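Chain by chain, the residues:
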Amino acid sequence: MSEPAFVRIADDYAHRIRSGKLSPGVQLPSYKEIAEENGVSEIVVRRALDLLKSQGLVQSVRRRGVFVSEGPERRTEPPAHALAKEPDTALGAVALEIANIQARVAEIERDHGAKLAEILRILRAADGPKS
């Protein structure tokens, strides 16, 4: 089964942004232009750009367009957590491990968010009500 068009388009733009081919502040083509370039509807383009927005790679400016974000989320260190500052305690060790896992999940989402979103959609559809 091939990946949906919106995932392919989101992956293409994510790669361009992460590789530096599209710099922060650069305006993306219009929905119509992206749709024509990829032979899809504007609804498909909207889904692709929504994925990019959820990854923090682009942002919409009302009545202006969609732009590459100035500072895409690139944090790889775990978030500060009160218990994680005390790694010698059992709770501190667990909190530190959770913080590390959260950082890794954020990194995976950033790198593979479009594909993960599609996988989750498929899994939710498969777990849906059975008639």
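Look up: the structure comes first, before these words.
All figures in this text were calculated on a predicted structure; none of them were measured in a lab.

Conventions we followed
Residues numbered from 1 in each chain as written. Predicted model: local features only at pLDDT ≥ 70, side-chain atom pairs only at ≥ 80, totals over all residues. Heavy atoms only, no water. Pairing = 2+ DSSP bridges. Helix = DSSP H or I, 4+ residues; strand = E, 2+ residues; numbered from the N terminus. Axes fitted to C-alpha atoms, helices over the stretch in contact; angles between N-to-C directions. Parallel < 35°, antiparallel > 145°, perpendicular 65-115°, else oblique. Left-handed = near helix turned anticlockwise from the far one by under 90°. Contact = heavy atoms within 4.5 Å. Nonpolar A, V, L, I, M, F, W, Y, C, P; charged D, E, K, R; others polar. Buried < 20%, exposed > 50% of the residue type's maximum accessible area, 1.4 Å probe, protein only.

S.K.: A description of the pairing of strand β1 (residues 58-61) should follow, citing residues and the corresponding values.
M.R.: Where β1 and strand β2 (residues 65-68) come together, four bridges link them in antiparallel fashion. Bridge pairing links Val 58 to Val 68 in β2. Between β1 and the antiparallel strand that follows it, β2, lie three residues; Arg 63 among them carries a positive phi value of about 65°.

S.K.: I'd like to hear about the packing of helix α1 (residues 5-19) against helix α2 (residues 31-38), residue by residue, with values.
M.R.: Running from N to C, α1 and α2 cross one another at 110°; their axes reach a closest spacing of 12 Å. When the interaxial angle is binned, α1 and α2 end up roughly perpendicular. The crossing of α1 and α2 is right-handed. Along the contact surface, α1 presents Arg 8, Ile 9, Tyr 13 and Arg 16, while α2 presents Ile 34, Glu 37 and Asn 38. Taken together, the residues that form the contact of α1 with α2 break down as three nonpolar, one polar and three charged.

S.K.: A description of unusual backbone geometry should follow, citing residues and the corresponding values.
M.R.: For Arg 63, which is not glycine, the phi dihedral falls at a positive 65°. Among the secondary structure elements, Arg 63 is positioned in the loop between β1 and β2. With relative accessibility at 80%, the residue Arg 63 sits in the exposed group.

Purely geometric numbers; function is a separate question.
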